[in-house]
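Inside the fold
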Amino acid sequence: MIKFLLNQELREEHTLDPNMTVLNYLREHVRKTGTKEGCASGDCGACTVVLAELDGDQLRYKSINSCLTFVSALDGKQLITVEDLKDKDKLHPSQQAMVDCHGSQCGFCTPGIVMSLFALGKNNAEPDKEEVLEALAGNLCRCTGYRPIVDAANAMYDDAGADQFQRNEQATVQRLKALQRTDTPSLALDKRHCHNPKTTAELAELFLQYPEARLLAGGTDLALEVTQFHRELPAMIYVGDIAELKQVEVFDDRIELGAAASLSQCYDALTADYPDFGALLHRFASLQVRNQGTLGGNIGNASPIGDSPPALIALKAQVVLRKGDQRRTMPLEDFFVDYKVTQLQPSEFIEKVIVPRAGAVDRFRAYKISKRLDDDISAVLAALSITVDDGVVTDACIAFGGMAAIPKRARHCEQTLLGSHWNQATIAKAMAALEQDFAPISDFRASKDYRMLTARNMLQRYFVESQVIEVETRVTAYV
Amino acid sequence: MSNHQSTKKTVEEMLAQAKQELQTGVGRKVKHESAAKQVTGEAVYIDDRLEFPNQLHAYARMSDRAHARITRIDLSPCYEIPGVAIAISAEDVPGQLDIGCVLPGDPLLADGKAEYVGQPVIAVGADSLETARKAAMAAIIEYEELEPVLSVEDALEKESYVSDPHTHQRGDSKAALAKAPHRIQGAVHIGGQEHFYLETQISSVIPTEDGGMLVYTSSQNPTEVQKLVAEVLGISFNKVVVDMRRMGGGFGGKESQAAGPACIAAVIARLTGRPTKMRLPRMEDMMITGKRHPFFNQYDVGYNDQGILQGVEMKLAGNCGYSPDLSNSIIDRAMFHADNGYYLGDATITGYRCKTNIASNTAYRGFGGPQGLIMPEIIMDDIARRIGVDPLEIRKRNLYGDEGRDHTHYYQKVEDNILPELIADLEQNCEYQKRRKEIAEYNRHSPILKKGLALTPVKFGISFTATFLNQAGALIHVYTDGSIHLNHGGTEMGQGLNTKVAQIVAEEFQVDIDRIQITATNTDKVPNTSPTAASSGADLNGKAAQNAAITIRQRLVEFAARHFDVTEEDVVFQNNHVIIRDQIMPFEELIQLAYFHQISLSSTGFYRTPKIYYDRDKARGRPFYYYAYGAACSEVVVDTLTGEYKILRADILHDVGASLNPAIDIGQVEGAFVQGAGWLTSEELVWNDQGRLMTAGPASYKIPAVADMPIDFRVRLVENRRNKEDTVFHSKAVGEPPFMLGISVFCAIKDAVASVANYRVSPQIDAPATPERVLWAVESLKQAVAQDQPAPAAATV
């Protein structure tokens, strides 16, 4: 049984299918049809809803794709949909601004856009242009060309009054507190079940008990198995309610990222030390996906085109794996064995990721190459960290995504650099050495030749950016 | 008799109000009629309708072969899945199997032969979509592979066509080319485009008595859905009612191809007696339905020392997919627009309608026009690089002009050509020349990033080229409380048609728009309608509604003149009131009076476009009532290490005649521009060598996202230029023409790439100009520079 607030209505659900998405729950189970299905794959944002979660005595609002979220994730939270924003007869400022700015045409993406705007308004009192674009990057609109929607994002702040969510906040906090439980919520229907452990120890134990279970974190990848590939997930363990697994801690020498920390959470911690990691996360899927998706998930699904693994490898990150009470730590680059194969044993899971702090000089650069700049999957991702002392390369850690069956270091390329003078001739040799490291494939994202050429060119870009003379090198700098 | 007695205004108050202008009539920035419902989720789309308890959901199993004989279909395993009501194949269709909209060739379910990956072969009706899908996948279907045709080149070589090639010819192009001082020949692939309406194809069908059907469909063409549902069931048209309130986007994709799901649902509903809904999941939608036609275009042009065209020959080959659908007219429209705004000289334009084993390509905003219209823009750039003159200058030199340079290759005279002044206005307003210099300077010093600039015009012909389609109907009732029920044959897909038509009716009656109830398009209110397509929605339906409103108003005027013993000129409708010489009364009061005096308060309206005619056999005539014009100037920055780019700024000046609603028109212009830019940049359709679409979802097919809109986006409408033709309030159509303003982005990217070879080589880039294609063009120009001269003029890394 799970318990949550559907806006202000308490819902206790005993017999839901754990494979049911929040979108289908809304549209088919409770017949609230304001939330739309545009793709059922988390790429269009038409189904965007907002979850309000307890954060001490406050609420934290986040936009999510309801098509990628299984109902188990609702336990103990408040689910807010587009139907809930109107205050009696008065449109919410995010809605009124969309009307006033002519922000809807066919109107099918509009509920999702309104919810993204609502979440933006809750989280940012004065967003700059980049933040507005970030809030909307996961919402496709085919009609307007976006200009009036961006105008609406700015105009909604003209109505400064408190909305009903703010007025009711304390009452909602109390109601949510009353929903918090010490037992392990679970859902089961027919032979399918999902458990929501609250501690890592409990997770470890459950995973020993159900080694066949799939770990459900953000679900941004796992849910596709149900919605796109029509497979059943008989057993799941939801890790999103484990506070200790969501912790992000910064120490003098390292940053420890809990495996269930959302990508959005990791953003701040990593950006401070590694601005390029921040820039990369900005282009990593959409805000909705980053709010849900986790670093552990991005590593654990072992995709060759996941964005964070190459970057973390270049930073010499380590992963802590746990099975029962046993822990082991290994360099992230060793974690990946083959296409979608990792070191994880049955019942073993990623507990945390440890990233060394940046030294005095940030030598880390990450370059993402994709057909569309926002919310697209990389053709190639290059992550480089090169140390030059007195004009000679003393350390080089270079990793690529999209170039092999796993995220992989470019060892030959690194060897070419090590001990060499940091100049154009060395770079040319290092570029050529990539041929020995990789034999990429062609697919609909890019040809193998394009992958190889751009991978090489990223060494060139790194070199130019390392020069004293300021040269514009990135189109993404234009906002 | 009246509810308004208690709030009755004084004569002075009424006069004061009547003196003011109506705020919600024509030309006002009235908000979209559904906006307030869309932002709250209250606007009802078909999938939001309350479902019947016994409703079935339909799913079609798609062919996984591009071309194959179907040797066996066994549906019995479908019935082993609990919840399945019925499984059908072609032989179960009670009436006509073919749902081809113009020519036959589209079986509702594959008839012994599969002709593309994605073609519906069987369909299942079950108690949920997931059950229907599971059951459909359980069926046994066996194939015997046949050789597919998968590329346009292959189709051209094999002369595999859905219909015969067709030519427009004016003058002797062969002689003109031979005589011309300079010649350029080339070939380019222009990509197709997925509509990506946010609401996928959907219909919900309910059996009615007398063996009829009530059909809720998301379609631009309710009349055609009515006809095809009747035909697949073998019943007369009058047994089928189609209701269409709104679409979640159409863009042409729901002109002909909304009919398939409606007809499958209707067949299942007929055979089971149960209401049936068919909604295509996104992937199925992208696999089953056709897209914008990809083209392979070859050109041979002659020009003089000034870069002015002397003669042109073009072969435009459209990839139609496996069936004719609307392709004949689409390829025709590509041919009609092979001139854009330029005088071609002696010209021969031939269009090929290639048959291949992919989904049947269909209408998409511009209807083939964009794929033809981009050609002269590519040619202008090529000429400019050859003679070393700014491409804008070459464009201006080639525009249509005075006598001798004012006839198209299909013999229509270009009247009221406003492009020269429109371009001059935009060129000055966007500071083209100043920015051109700044960009050249930037590019000299920027080793990795290069900027590009391009100003391109659009001239687009307005009217269905199938002349008979240029007709429309409307129906207006005025009720005795003064409220108005408005219905017309057009469909609302987001473009604001209902709002514009309501404004027209408001203007004619001089009442506020909130008195007017907009209602679902319905085949039993307005029959025999044309699709809402060809940008014609407001032109045709606005005129028809205006006609109905004027009919009723004239009855009221005649009645009032008689009743109050004044002349008809003494009766004036003004801002919710009627002035009758020295009397004034609220609108509703006159309505009540008219009712009691037995005046009819309901009328149909009708309109057909005048002046147009076209003889296709001779390829001569006036297929277009008028032209709509526009121009855009785009600036981009390109990364020469990856080919990635960003639109830095776009300035647009667009001609909508006298705007019916400037806010809606600007929305159309902006949306079309971004969609057009998407077509030519990130939206790449990729099929594998088995003919399977590999980009069948938004994870792999990338339409513009918010950050893809120009960073600095400035859109203006041409002011004080009424349409010279007698269109509705002298407005111009706006749906399609601005789509082609996106070509300026394509040309700006090429301009940035051209800087790599100091603007002396014209980069050859197929559309869409994906980062990969752009990077290969950069590489090719770098090589050209390296071969040409040891010390490259352009700064490179």
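Owing to the predicted nature of the structure, the values given are computational and were not obtained by experimental measurement.

**A word on the overall build of chain B**
- Scanning chain B for helices and strands turns up 19 helices and 29 strands.
- Taking 797 residues into account, the globule formula puts the C-alpha radius of gyration at 28 Å, and chain B, at 28 Å, falls close to it.
- Projected onto its principal axes, the C-alpha positions of chain B cover 95 × 75 × 50 Å.
- Taking all 797 residues of chain B together, 68% fall into the buried category.
- Carbon and sulfur atoms form 48% of the exposed surface of chain B, whose accessible area is close to 26,900 Å².

**Concerning the side chain of H730 of chain B**
All names here are of chain B.
- Within the secondary structure, H730 sits in the loop between β29 (712–717) and α18 (743–754).
- Given a relative accessible area of 17%, H730 falls into the buried group.
- Within polar-contact distance, the side chain of H730 engages the backbone oxygen of N723 at 2.8 Å.
- Of note is the side chain of H730, whose polar atom sits 3.0 Å from the backbone oxygen of E725.
- If sequence neighbours within four positions are ignored, H730 has contacts with G657, A658, R722, N723 and E725.

**Things to note about the packing of aromatic side chains**
- This model, assessed by the stated rule, comprises 28 aromatic pairs over all chains.
- Plain terms: the ring middles of F4 of chain A and Y25 of chain A are 5.7 Å apart, the flat faces sit at 70 degrees to each other, and that makes the pair edge-to-face. Here the residue F4 of chain A occupies a position in strand β1 (residues 2–6), and Y25 of chain A occupies one in helix α1 (residues 22–29), the gap between them amounting to 21 residues. Here the two residues F4 of chain A and Y25 of chain A agree in accessibility, since each one is buried.
- With a centroid separation of 6.0 Å and an interplanar angle of 85 degrees, the aromatic rings of W422 of chain A and Y462 of chain A are classed as edge-to-face. Of this pair, W422 of chain A sits in the loop between α16 (411–417) and α17 (424–437) while Y462 of chain A sits in helix α18 (residues 448–466), and the two are 40 residues apart along the sequence.
- What makes W422 of chain A buried here is its relative accessible area of 15%.
- One aromatic cluster is present, formed by F336, Y410, Y614, F624, Y627 and Y629 of chain B through successive ring pairs.
- It is R170 of chain B that lies over the ring of Y411 of chain B; its NZ or CZ is 5.8 Å from the centre.

**Section: the pairing of strand β12 (residues 318–323) of chain A**
Residue and element names in this part refer to chain A.
- Relative to strand β13 (residues 326–331), β12 runs antiparallel, the two sharing 6 bridges. Along β13, the bridge assignment pairs V320 with T329.
- As defined by bridge partners, β12 adjoins strand β16 (residues 349–356) across 5 bridges and the pair is classed as antiparallel. Looking across to β16, one finds that V319 is bridged to V353.

**Thoughts on the interface of chain A and chain B**
- If you look at the interface, chain A gives 75 residues, while chain B gives 87 residues.
- For the pairing of chain A and chain B, the buried interface totals around 6,600 Å² over both sides, and the portion due to carbon and sulfur atoms is 61%.
- Considering only the surface of chain A that becomes buried against chain B, R142, K371 and Y478 of chain A emerge as the three largest contributors, covering 14% of it.
- Here E684 of chain B and K371 of chain A are joined by a salt bridge, their closest N and O atoms 2.8 Å apart.
- At the junction of chain A and chain B, the tally comes to 39 residue pairs in polar contact (both at pLDDT 80 or more).
- Among the elements of the structure, α2 (93–100), α3 (110–123), α4 (129–136), α5 (147–155), β17 (364–369) and α18 of chain A are those that each provide at least two residues to the side of chain A that touches chain B.

Reading the values: the criteria
Residues numbered from 1 in each chain as written. Chains lettered and ligands numbered in written order. Predicted model: local features only at pLDDT ≥ 70, side-chain atom pairs only at ≥ 80, totals over all residues. Heavy atoms only, no water. Helix = DSSP H or I, 4+ residues; strand = E, 2+ residues; numbered from the N terminus. Rg over C-alpha atoms; globule rule 2.2 N^0.38 Å. Buried < 20%, exposed > 50% of the residue type's maximum accessible area, 1.4 Å probe, protein only. Areas by Shrake-Rupley, 256 points an atom, 1.4 Å probe, with all protein chains shown as cover. Polar contact = N/O pair within 3.5 Å; in protein donor to acceptor, adjacent residues only side chain to side chain. Contact = heavy atoms within 4.5 Å. Phe/Tyr/Trp six-rings, centres within 6.5 Å; stacked < 30°, edge-to-face > 60°. Lys NZ or Arg CZ within 6 Å of the ring centre and 35° of its normal. Pairing = 2+ DSSP bridges. Buried area = accessible area lost by both parts, 1.4 Å probe. Salt bridge = Lys/Arg side-chain N within 4 Å of Asp/Glu carboxyl O.

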